[in-house]
Amino acid sequence: MATSQVETVSTGADKAKLAAVALLVIAAVGGFYLLAKQGPLVQWAALLVGLVLAAGVFLVSEPGKQFIGFARDAWREVKKVVWPTRKETLQMTAYVFVFVVVMALFLWFTDKTLEWVLYDLILGWRK
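Residues numbered from 1 in each chain as written. Predicted model: local features only at pLDDT ≥ 70, side-chain atom pairs only at ≥ 80, totals over all residues. Heavy atoms only, no water.

Considerations on the domain arrangement of the protein
1) Next: As far as domains go, the protein holds domain 1 (12-81) and domain 2 (84-126).
2) Next: For domain 1 versus domain 2, the distance between C-alpha centres works out to 50 Å. (Domains from an automatic or database assignment.)

This is the structure we're talking about:
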């Protein structure tokens with residue numbers, strides 16, 4: 001069983017790294033708009049380079065390392081999933097479609113019955 005750890009202590013270096021990430025993202029987006037006269041290739045290059053640098057700085061910070069650990073654990077859990085076979089998937093899909101059709105017919109029949117009871121029998125309105 002995995003133990004959950006709650007860490008609220010953040011070092012000054014991690015805060016500085018996260019601030020640098022925020023500044024890099026802002027600079028990347030700003031560069032994208034400021035370099036509009038240079039053409040789309042330069043714009044997108046500036047945006048992508050800034051975002052890649054921001055991601056790199058984030059991944060070397062403690063929250064980034066925790067994110068990588070979380071992603072590895074999540075991938076390990078995904079590998080444990082027993083996925084249904086093609087036959088099982090098609091059967092369950094057919095069951096769902098049949099259920100939807102049956103439910104639609106039931107609701108239509110109920111609606112028409114209530115319409116008939118209210119408008120024809122109780123109110124006496126004939127269409």
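Quick word on the UniProt feature "transmembrane region" (unreviewed entry) in the protein
1) Next: Mapped onto this numbering, the UniProt entry annotates "transmembrane region" (unreviewed entry) at residues 18-35, 41-60 and 89-109.
2) Next: Taken end to end, residues 18-35 has its terminal C-alpha atoms 25 Å apart, with 94% of it in helix and 0% in strand.
3) Next: A helix fraction of 100% and a strand fraction of 0% characterise residues 89-109, whose end C-alpha atoms lie 30 Å from each other. (UniProt positions renumbered as here; feature names shortened; annotations may be inferred. Helix = DSSP H or I, 4+ residues; strand = E, 2+ residues; numbered from the N terminus.)

Some words on the environment of Phe 99
1) Next: By the secondary structure assignment, Phe 99 is in helix H4 (residues 86-122).
2) Next: It is 48 Å that separates the C-alpha atoms of Phe 99 and Phe 58, two residues lying 41 residues apart in sequence.

A few points about the packing of aromatic side chains
1) Next: The tally for this structure, following the rule as stated, stands at two aromatic pairs.
2) Next: Seen in terms of ring centroids, Phe 32 and Tyr 33 are 5.2 Å apart; in terms of plane orientation they differ by 85 degrees. Their pairing is edge-to-face.
3) Next: Using a relative accessible area of 15% as the deciding quantity, one classes Phe 32 as buried.
4) Next: Between Phe 32 and Trp 44, the aromatic rings sit 5.0 Å apart at their centres with planes inclined by 70 degrees, giving edge-to-face as the arrangement. Of the two residues, Phe 32 sits in helix H1 (residues 12-34) while Trp 44 sits in helix H2 (residues 40-60), which places them twelve residues apart along the sequence.
5) Next: Look at Trp 44 and you get partly exposed, because its relative accessible area is 45%.
6) Next: A connected cluster of aromatic rings, assembled from ring pairs, spans Phe 32, Tyr 33 and Trp 44. (Phe/Tyr/Trp six-rings, centres within 6.5 Å; stacked < 30°, edge-to-face > 60°. Buried < 20%, exposed > 50% of the residue type's maximum accessible area, 1.4 Å probe, protein only.)

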